[in-house]
Amino acid sequence: FKSHLDGSKHRFTPEVSMGIQHQLGADIIFAFDELTTLINTRKYQEDSVARTHAWAIRCLVEHHRLRSAAPQRPAQALFGVIQGAQYEDLRRAATRGLVHIGEQPGAAEGLSFDGYGIGGALEKQNLATIVGWVTDELPDDKPRHLLGISEPDDLFAAIEAGADTFDCVSPSRVARNAAMYSATGRFNVTNARFKRDFNPIDAECDCYTCANYTRAYMHHLFKAKEILASTLGTIHNERFIIRLVDQIRAAIIAGEFDELRDHVLGRYYRS
């Protein structure tokens, strides 16, 4: 990505980021931001929020320029990214800054984001609280995307706090290490007890892997270090998460969110 020549140095800038995403044809683009950690100081977090806001303006302007230059191309949405770590005032200020970015005089005047990403450092036990701070400040008519979570308890907590969509590498990453999701909890299929277990990974799952392969065969594939193991495991874990989100959506419509949450988490974390 370091393809932007500036003097003698290669630099990856917000403008370059937008150009790459437009060329790729991404449906949803996230503004250039700085991902901090919980060990960064309060002062650093303040500076990072300001830096991310400045980059957001540049991304918004460049995104608008690229769209105007090629109006025949399919629409691409740009989401602003909200940082601020574990600090309520920083989170709320960062959110308000992005929501009202087009009201500020200057380059971004009249422009706005199509949605918002909630990112950055946060403690798992405070996930719902932090998401709640942000969604309090966000408009109801634009999507709220939570970056980097996929565990069942995190999904329920985030949705209850107002998040709409999510992304995470965890389902595929743990699948490559033989960790399989199931309705009764996550397990490592390379454990000896699965060597002659001819049941599917999860009897309730409708994925390709569960329809065609057994725990014993998955055990063999991982032990033999076959690349097919990672592929089949990823197919299953991704489908597990998608099915769970489908169930949550249906439960919200039916007014049964609390019942589904208690049922799913009670089974998944029982052990």
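None of these values were measured; they are calculated from a predicted model.

Side note on the overall build of the chain
Link 1 in the chain: On a plain count of helices and strands, the chain comes out with 10 helices and nine strands.
Link 2 in the chain: Principal-axis analysis of the C-alpha atoms places the extent of the chain at approximately 65 × 45 × 40 Å.
Link 3 in the chain: Looking at the chain as a whole, 46% of its 271 residues qualify as buried.
Link 4 in the chain: Of the contacts made within the chain by residues no fewer than 6 positions apart, 62% connect residues no fewer than 24 positions apart.
Link 5 in the chain: Split by element, the accessible area of the chain, about 14200 Å² in all, is 53% carbon and sulfur.

Things to note about the confidence of the model for the chain
Detailed reading of the predicted model is not advised wherever pLDDT is low.
Link 1 in the chain: Taken residue by residue, the chain gives an average pLDDT of 93. The fraction at 70 or more is 96%.
Link 2 in the chain: Scored below 50 in pLDDT, residues 1-10 shows 12 contacts in the model against residues more than four places distant or in partner chains.

A few points about the side chain of E34
Link 1 in the chain: Relative to the helices and strands, E34 resides in the loop between β3 (28-30) and α2 (42-69).
Link 2 in the chain: E34 sits in the buried class, given a relative accessible area of 14%.
Link 3 in the chain: Within the structure, the side chain of E34 is placed 2.3 Å from the side chain of Y44, a separation counted as a polar contact.
Link 4 in the chain: Beyond its immediate stretch of four places on either side in the chain, E34 contacts Y44, S48, R51, T52, W55 and Q83.

Remarks on the nonpolar core
Link 1 in the chain: Counting residues in hydrophobic clusters, the biggest one holds 48 residues, and the most contacted among them are L78, F113, L146, F156 and F166.
Link 2 in the chain: If one sorts the elements of this core by residue count, α2 sits on top with six residues.
Link 3 in the chain: Ignoring anything within four residues of it in the chain, the contact list for L78 reads M18, I29, F30, A31, C59, L60, H63, F113, D114 and G115.
Link 4 in the chain: Residues A178, M180, M218 and L232 belong to the second largest nonpolar core, which totals 15 residues.

Section: the pattern of salt bridges
Link 1 in the chain: Tallying each qualifying case throughout the model produces 22 salt bridges.
Link 2 in the chain: With a shortest N-O distance of 2.6 Å, R42 and D89 are connected by a salt bridge. Placement of the pair is R42 in helix α2 and D89 in helix α3 (residues 88-99), with a sequence separation of 47 residues.
Link 3 in the chain: The class for D89 is partly exposed, based on a relative accessible area of 42%.
Link 4 in the chain: Through salt bridges with shared partners, a single ionic network connects E88, R92, R96, D136 and E137.

Some thoughts on the pairing of strand β5 (residues 115-118)
Link 1 in the chain: Side chains G115 and G117 of β5 all project onto a buried face; the interleaved residues Y116 and I118 project onto the opposite face, where all are buried too.
Link 2 in the chain: Two elements, strand β4 (residues 77-82) and β5, share four bridges in a ladder whose sense is parallel. Residue pairing in the sheet places F79 in a bridge with G115 of β5.
Link 3 in the chain: After leaving β4, the chain enters α3 and then returns to the sheet as β5, a path that is right-handed.
Link 4 in the chain: Alignment of β5 against strand β6 (residues 144-147), held across three bridges, turns out to be parallel. Bridge pairing in β6 links Y116 to R144.

Rules and cut-offs
- Residues numbered from 1 in each chain as written.
- Predicted model: local features only at pLDDT ≥ 70, side-chain atom pairs only at ≥ 80, totals over all residues.
- Heavy atoms only, no water.
- Helix = DSSP H or I, 4+ residues; strand = E, 2+ residues; numbered from the N terminus.
- Buried < 20%, exposed > 50% of the residue type's maximum accessible area, 1.4 Å probe, protein only.
- Contact = heavy atoms within 4.5 Å.
- Areas by Shrake-Rupley, 256 points an atom, 1.4 Å probe, with all protein chains shown as cover.
- pLDDT = per-residue confidence, 0-100.
- Polar contact = N/O pair within 3.5 Å; in protein donor to acceptor, adjacent residues only side chain to side chain.
- Core = buried A, V, L, I, M, F, W, Y, C linked by side-chain atoms within 4.5 Å.
- Salt bridge = Lys/Arg side-chain N within 4 Å of Asp/Glu carboxyl O.
- Pairing = 2+ DSSP bridges.
- Right-handed = clockwise from strand over helix to strand, strands pointing away.

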